[in-house]
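The chain contents come next:
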Amino acid sequence: MESTDIVVSIESVSKTYDTGFKALRDVTLGIRRGEILALLGPNGAGKTTLISIVCGLVNATEGKVTVNGHDIVDDYRAARSLIGLVPQELTTDSFESVMGTVKFSRGLFGKGPDPAHIERVLRDVWLWDRKDDEIRTLSGGMKRRLLIAKALSHEPQILFLDEPTAGVDVELRKDMWGTVRKLRDSGVTTILTTHYIDEAEELADRIGVINNGELILVEEKTRLMRMLGRKQLTIELHDPLAELPERLGGFGLELANGGSELVFTYDTQADRTGITALLDELNDANIGFKDLHTTQSSLEEIFVNLVKRPT
Amino acid sequence: MNLHGVKAIYLFEMARTWRTLLQSVLAPVISTSLYFFVFGAAIGSRITEVDGVSYGAFIVPGLIMLSLLMQSVMNASFGIYFPRFIGTIYEILSAPVSYFEIVLGYVGAAATKSALLGLIILATASLIVPIEIAHPIWMMFFLVLTAVTFSLLGFILGIWADSFERLQIVPMLIITPLTFLGGSFYSIDMLPPVWQTVTLFNPIVYLISGFRWSFYENADVSLGISVTMTLAFLVLCLMIVRGIFRTGYRLRP
């Protein structure tokens, strides 16, 4: 597998709704085969519109999308048969059985019956015991898992998960993460949108950030955190300071915790972080300290900073 | 062609009928049987024959047609409107099925249900009033053609409607009056000349006339005109459905 093997190609896609609302502006994105790509963005940023265009639910105003080389408009059958979609809303037929609805999905995507595969999928999402039950008797979390089972029923190569863990409890979220990792290990390309930054941090190989219909960046998660992440050194002082000494003014320090801590923010990518100079300066000023520790900014902080930037 | 997809939609829709057997089958059969009983067996016995046919038997084709039209429109409109309403339409729209296959699945199921219902009502009517079918093949032709055409109309309605109220408007305020005024209970010869002309603008007259001809060889308009008008309505519905899918009207923004 080549890391640059693009399975979904989105080229200059824009979407303007009849109301005049511009949901997407000139989005270009290549999704690599086998990766987990997390799309982050605030509400109304355009994440769901982008997914909906690739899956055939919304027509793009401009641009071109191919799935494994198949144009989603001209060759929609080949393109769509490779895709599974788990929508954001819990949309299910209340009176249908679990088994019935999963079989329906498989047939709809042009696949003949395969009881062994259906059983495997239902077991993977812990619903095999409920296979004969009506959907209305399932809990919200079970319905979410059922939607995943439906999307996997036709053995897709690409899976779109639109807010897959919205409204599910912590334990179930972790189970879902396990399911997504298992899918990635089996070669399924996964694109997920999420509001939970820790979910993206936990699962994604790459992160895409959408804001106001524009794709602000797409980057390897680790590289993104390295590039945009700030690191902070917190120095616990022996004796609290009422104010910062003038000689320390050039370091951009902040006094915290009632003056008992000095917080120094530095750039991990810089040639010189300034830590040595700071510690020397503290020594010269006779400011004693008893402990120091560093923290790195989380993806959430990076995300908030990105979407706050003027576009 | 994605035959598995068509089959999945068709069987899903048919399964809904079996789950709601009382509402889908029994209710229309009972209500139509009441018409037969009241207008056919009870009041009908005091009414003279119409075109040489007892009144009870005369109204059978019109009443079957009334039920057929209503059920075709309602089954098909509900079939496509409900997934739109609850959101499960996403799965149909994201699946590798063509517009034709979607229509085949939904309209095929709705037409099957209403045609079966028409036959059940016919069998029930034959227990209450004496019925003869002079041209069974033509009878089936009109039954199936009407079921398909009005299921297409229902499909269009189900896409156009944006509320349950709108979903009810066409069957209740348009189909029912047109059917009652389309010669279900009378021959249009019995109307004053002016109203006979006005009635000819009602498309349902041609359906009922052709259908009744297949039973008793009596028709208000010629068989050729009935067939032509029904086919013309079918083609019109097909063109509208094609336009809906080409533009994504109410389906794909």
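See above for the structure.
Residues numbered from 1 in each chain as written. Chains lettered and ligands numbered in written order. Predicted model: local features only at pLDDT ≥ 70, side-chain atom pairs only at ≥ 80, totals over all residues. Heavy atoms only, no water.

J.: What am I meant to see in the overall build of chain B here?
T.: Tallying secondary structure elements over chain B gives ten helices and zero strands in all. Counting helices and strands in the order they occur from the N terminus, chain B gives α-α-α-α-α-α-α-α-α-α. For chain B, whose C-alpha radius of gyration is 19 Å, the value lies close to the compact-globule estimate of 18 Å for 253 residues. The principal-axis extent of the C-alpha atoms belonging to chain B is close to 60 × 35 × 35 Å. Pairs at least 24 apart in sequence give 81% of the contacts found in chain B among residues at least 6 apart. (Helix = DSSP H or I, 4+ residues; strand = E, 2+ residues; numbered from the N terminus. Rg over C-alpha atoms; globule rule 2.2 N^0.38 Å. Contact = heavy atoms within 4.5 Å.)

J.: Help me understand the nonpolar core, please; the structure alone is not making it clear to me.
T.: Across soluble globular proteins, you tend to see nonpolar side chains buried next to one another. Grouped together as the largest cluster of nonpolar side chains are 147 residues, with contacts concentrated most on I10 of chain A together with F155 of chain B. Counting residues per element, this core draws most heavily on helix α3 (residues 55-86) of chain B, at 14 residues. Each of domain 1 (6-226) and domain 2 (230-308) of chain A contributes no fewer than three residues to this core. If near-sequence neighbours (up to four positions away) are discounted, I10 of chain A is found in contact with V27, T28, L29, I31, L50, V54, K64 and V65 of chain A. Judged by nonpolar contacts, the second largest core, of 13 residues, contains L248, F251, F264 and Y266 of chain A. (Core = buried A, V, L, I, M, F, W, Y, C linked by side-chain atoms within 4.5 Å. Buried < 20%, exposed > 50% of the residue type's maximum accessible area, 1.4 Å probe, protein only. Domains from an automatic or database assignment.)

J.: How should the sheet that holds strand β12 (residues 254-256) of chain A be read in this particular structure?
T.: Strands belonging to one sheet form pairs held by backbone hydrogen bonds; the direction of such a pair is parallel or antiparallel. Residue and element names in this part refer to chain A. Taken in spatial order, the four strands line up as β12-β13-β11-β14 in an open sheet, and their pairing is antiparallel. Here the strands that pair on one side only, and so sit at the sheet edges, are β12 and β14 (289-296). Mean inter-strand twist for the sheet, computed between neighbouring axes without regard to direction, equals 25 degrees. Direction of pairing for strand β11 (residues 230-237) relative to β14: antiparallel, over a ladder of seven bridges. Looking across to β14, one finds that T234 is bridged to H293. (Pairing = 2+ DSSP bridges. Axes fitted to C-alpha atoms, helices over the stretch in contact; angles between N-to-C directions.)

J.: Any chance you could explain the sheet that holds strand β6 (residues 83-86) of chain A here in plain terms?
T.: Residues and elements named next belong to chain A. Read across the sheet, six strands follow the order β6-β7-β8-β3-β9-β10 without closing on themselves; strand pairing throughout is mixed. The two strands at the open ends of the sheet, each matched to only one other strand, are β6 and β10 (214-220). Direction aside, neighbouring strands of the sheet carry axes that sit 15 degrees apart on average. Strand direction decides the pairing type here: strand β7 (residues 158-162) and strand β8 (residues 189-194), joined by five bridges, are parallel. Each residue of the ladder has a partner; that of I158, found in β8, is T189. Sheet contacts for helix α1 (residues 47-55): β3 (36-40), β6, β7, β8 and β9 (206-211); angle to β7, the most-contacted strand, approximately 150 degrees. Sitting on the sheet, helix α5 (residues 140-152) touches β6 and β7, and the angle it makes with β6 is about 170 degrees.

J.: Even after reading the chapter, I still don't get empty space enclosed by the protein, so can you show me in this structure?
T.: Empty pockets left among the atoms are what a rolling probe the size of a water molecule brings to light. Throughout the structure, instances matching the rule amount to five cavities of 30 Å³ or more. Taken as a whole, the largest cavity holds about 70 Å³ of empty space. Residue lining of the largest cavity: D93, T101, F104 and K150 of chain A together with F12, P83, T88, E91, I92 and Y106 of chain B, and that is the complete set. Residue assignment for the lining of the largest cavity shows that the elements contributing at least two residues are α3 (98-108) of chain A together with α4 (89-93) of chain B. Across the lining of the largest cavity, the residue classes tally to five nonpolar, two polar and three charged. Within this model, the second largest cavity holds a volume of roughly 60 Å³. Taken together, L85, S105, F109, L147, K150 and A151 of chain A together with Y90, E91 and S94 of chain B form the lining of the second largest cavity. For the lining of the second largest cavity, the elements supplying multiple residues, two or more each, are α5 of chain A together with α4 of chain B. (1 Å grid on protein atoms, 1.4 Å probe; cavity = no way out; pocket = protein on both sides within 12 Å on 5 of 7 lines; lining within 4 Å. Points joined across faces, edges and corners; volume = space filled by probe spheres on them. Nonpolar A, V, L, I, M, F, W, Y, C, P; charged D, E, K, R; others polar.)

J.: I would appreciate a short explanation of helix α2 (residues 21-42) of chain B in the present structure.
T.: Every α-helix carries 3.6 residues per turn, so stepping three or four residues along brings you back to the same face. Residue and element names in this part refer to chain B. Considering bend angle alone, the principal kink of α2 is centred on A27 and spans about 30 degrees; proline P28 follows within four residues of it. Taken as a whole, α2 has its buried residues at S24, V25, P28, V29, T32, S33, F36 and G40. Where α2 is buried, its residues touch α1 (3-19), α3 and α5 (99-128). (Bend = angle between axes of the 7 residues up to and from the residue.)

J.: Help me out: how do you make sense of the environment of I118 of chain A in this one?
T.: Mapped onto the secondary structure, I118 of chain A falls in helix α4 (residues 115-124). Once the C-alpha coordinates of I118 of chain A and H154 of chain A are considered, the two residues, 36 residues apart in sequence, prove to be 9.0 Å apart.

J.: Would you explain a nonpolar patch on the surface in this entry?
T.: Residues and elements named next belong to chain B. On the surface, W18, L21, L116, L119, M140 and V144 cluster together into a nonpolar patch covering about 520 Å² of accessible area. Looking at the element boundaries, V144 is found in helix α6 (residues 136-160). For V144, a relative accessible area of 38% corresponds to the partly exposed category. (Patch = residues over 30% accessible without salt bridge, like charges linked within 9 Å, V, L, I, M, F, W, Y side chains within 5 Å. Areas by Shrake-Rupley, 256 points an atom, 1.4 Å probe, with all protein chains shown as cover. Salt bridge = Lys/Arg side-chain N within 4 Å of Asp/Glu carboxyl O.)

J.: What should I look at first to understand the interface of chain B and chain A in this one?
T.: Interfaces are often sized by the amount of accessible area the parts lose when they come together. Contacts between chain B and chain A engage 24 residues on the former and 29 residues on the latter. Taking both sides of the interface into account, the surface hidden between chain B and chain A amounts to around 2400 Å²; carbon and sulfur atoms contribute 59%. The largest per-residue losses of area from chain B upon contact with chain A belong to Y90, E91 and P96 of chain B, which jointly make up 27% of the total buried on that side. Taken together, the links from chain B to chain A amount to two salt bridges. For R77 of chain A, the salt bridge goes to E101 of chain B, with nearest N and O atoms at 2.7 Å. Between the two partners, chain B and chain A, sit eight residue pairs in polar contact (both at pLDDT 80 or more). (Buried area = accessible area lost by both parts, 1.4 Å probe. Polar contact = N/O pair within 3.5 Å; in protein donor to acceptor, adjacent residues only side chain to side chain.)

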